[in-house]
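Remarks on the overall topology
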Amino acid sequence: MSVSTGASWAQNTGLPALGDGDSISLSAERQLGDRIARELFRDPDYLEDAVLDEYVQQLWTPLVRAAVARGELSAELQERFAWRILLGRDRSVNAFALPGGYLGVHLGLMAVVSTADELASVLAHELSHVTQRHIARGMSDQSKMTPWVVGSMILGALAASKSPQAAQALIVGGQAAAIQNQLSYTRDMEREADRVGYGILVDAGYDPGGFVSMFAKLQQAAGLNDSGAFPYLRSHPLTTERMADMQSRQQLNLTVPKPLPDMAHAMMAARARVLSQSSPDALKAWIQGPASLAASASAADQAAALYAASLSHLLLRDAAATQRHVQALGVLIQSQRHLPSYAAAQRWWRLLQAEVAERQDKPAQAVRVLTPEAGQQTWQRPELMALAQVLQRLPEHALVPTVMAQLRQVVQQTPWDAQAWDRLSAMLSVQGQALASLRAAGEAQAARLDWPGAVDRFRAAQELALKGRLQPGEHIEASIVDVRLRHARERLRGLQAPER
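Just so we're clear, the structure is a prediction, and the values are computed from it rather than from any experiment.

One way to put it is that helix H21 (residues 400-413) packs onto helix H22 (residues 418-430) with a least axis distance of 9 Å and a crossing angle of 145°. For H21 against H22, the interelement crossing comes out left-handed. Between H21 and H22, the contacting residues are Val400, Val403, Met404, Leu407, Arg408, Val410 and Val411 on the first element and Ala420, Trp421, Arg423, Leu424, Met427 and Leu428 on the second. A class-by-class count of the residues in the contact of H21 with H22 yields eleven nonpolar, no polar and two charged.

What follows is the structure, encoded as structure tokens:
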């Protein structure tokens, strides 16, 4: 994932007036989004990281609730669109909306925002592009193009900042030369997303100063003639009108203090920096962070440096240095118990400890870190994903049935959670439940819209059921496999059908 899109592809060719998006149905827009997202799931930069996923979702959920309460997000749009956020390792500063309610966030953006409010402001802006159906409005002018052509143009835009050659290979119909002029929303759409997004941000309880300070970052980057690290500027160009409008809105909130960095956000920004730049040279640079801090550095800056150094040492497999920095981070967090961000920072530190223990082949220690309370039976998603990973190596542990049961609850409630399906599949395999494991593996591929992979796994499960004697209770599982295989084959035939 590289360049921001969800744009009006024909900026200067007479887009319909605001409000005119009816020529593109919700189902057609969703199908196009699925087509594009399927390619993004296959991108090597696509990242499934339970910790960063959770952090973004914590910011995203209040925004969606506020959009619903304000009447910006209709019940039909909620039901028909995907509302899935994809994270990309790309270190460029970027976020984008895609047709059908998919949103993308680059780790490069998470790494440079100073506060959670700044990141939430970007999410609110992108959410508003979707709720106002700006993507459909932009597509209306291209109605003579097939969805395959439009999708190829969007994928070309996404590839452009990584490799111009890759972009040209993806863009069909000789469109490569014009793609740079087709990346931006119209000015009216940008202003509307600013206005709606600002209202959503405030109603969701975030500091509106985050919107203004994020604008300031973008303005500074624009003033430096953006070297390419800020593709967000190309798809969401700043104008004097937009900046003046945001400044006037901020004047209405003069009593709100300037948002300050906190340890929890600083630790997540550090994680994003390390995971987006994890070459040996980059990791060695992150290791130097704590030593290079000024004596007057804030607790947030210290926490970020120690977190980045801990994770970098871990990836470089330096066990002793990892433990020193993890312990130093713990001492720092304990010294800040009076701060509102203490509980969240303590949780991220505990998850880091578990990650360290698991990578250093200490699964029992990881379980103890993840279950600090005796008799604990439920976990939040990152803890559950970590426990499921660790317990694959402890198949006789007393928590295995409980963790598997909670994983089943997760995938029932959110069947598009591919990582949860993967974890469940692995645990089932270790427990000798081959049929259920293959079915879960197929569901994981379906969640990533990989229909050939889903067909392969479901078919293997079906063949296993036909060849062997089923265990008690597996007749129902076999019936589910039959149904899911038919569905996956139908979706695969839809992909292979020629475009009209």
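The next subject is the packing of aromatic side chains. On inspection of all chains with the given rule, the structure shows six aromatic pairs. Residues Tyr55 and Trp348 carry aromatic rings whose centres are separated by 6.3 Å and whose planes lie at 85° to one another, so their mutual orientation is edge-to-face. Taken together, the residues span a long stretch of sequence, with Tyr55 in helix H2 (residues 50-69) and Trp348 in helix H18 (residues 342-359) at a distance of 293 residues. This pair shows no difference in class: Tyr55 is buried, exactly as Trp348 is. Measuring from centroid to centroid gives 5.8 Å for Tyr198 and Phe211, while their planes differ by 40°, and the two rings are tilted. In this pair, Tyr198 is assigned in helix H9 (residues 187-203) and Phe211 in helix H10 (residues 209-223), connecting sequence segments 13 residues apart. Across the pair, exposure class does not vary: Tyr198 and Phe211 are buried alike.

Moving on: the pairing of strand S4 (residues 102-106). Most of S4 is tucked away: five of the five residues are buried. Note that strand S2 (residues 84-88) and S4 share five bridges and pair parallel. By the bridge assignment, Arg84 is partnered in S4 with Tyr102. Sheet analysis places strand S3 (residues 95-98) next to S4, joined by four bridges and oriented antiparallel.

Leu63, Leu109, Met110, Met267, Leu329, Val403 and Leu407 are the most contacted members of the largest nonpolar core, which totals 114 residues. Looking at this core, the element that brings in the most residues is H2, giving eleven residues. Once residues lying within four places of it in the same chain are set aside, the contact partners of Met267 are Ala303, Tyr307, Leu329, Ile333, Ala345, Trp348 and Trp349. Ranked by size, the runner-up nonpolar core spans 20 residues in total, among them Leu40, Leu86, Ala446 and Ala488.

Attention now goes to the packing of H22 against helix H23 (residues 434-447). Axis separation between H22 and H23 bottoms out at 8 Å; the angle between their running directions is 165°. For the element pair H22 / H23, the angle class is roughly antiparallel. At the point where H22 passes H23, the crossing takes the left-handed sense. Residue-level inspection shows Ala418, Trp421, Asp422, Ser425, Leu428 and Ser429 of H22 in contact with H23, the latter providing Ala436, Ser437, Arg439, Ala440, Ala441, Glu443, Ala444 and Ala447. Of the residues assigned to the contact of H22 with H23, the class counts are eight nonpolar, three polar and three charged.

What counts, and where the lines are drawn
- Residues numbered from 1 in each chain as written.
- Predicted model: local features only at pLDDT ≥ 70, side-chain atom pairs only at ≥ 80, totals over all residues.
- Heavy atoms only, no water.
- Axes fitted to C-alpha atoms, helices over the stretch in contact; angles between N-to-C directions.
- Helix = DSSP H or I, 4+ residues; strand = E, 2+ residues; numbered from the N terminus.
- Left-handed = near helix turned anticlockwise from the far one by under 90°.
- Contact = heavy atoms within 4.5 Å.
- Nonpolar A, V, L, I, M, F, W, Y, C, P; charged D, E, K, R; others polar.
- Phe/Tyr/Trp six-rings, centres within 6.5 Å; stacked < 30°, edge-to-face > 60°.
- Buried < 20%, exposed > 50% of the residue type's maximum accessible area, 1.4 Å probe, protein only.
- Pairing = 2+ DSSP bridges.
- Core = buried A, V, L, I, M, F, W, Y, C linked by side-chain atoms within 4.5 Å.
- Parallel < 35°, antiparallel > 145°, perpendicular 65-115°, else oblique.

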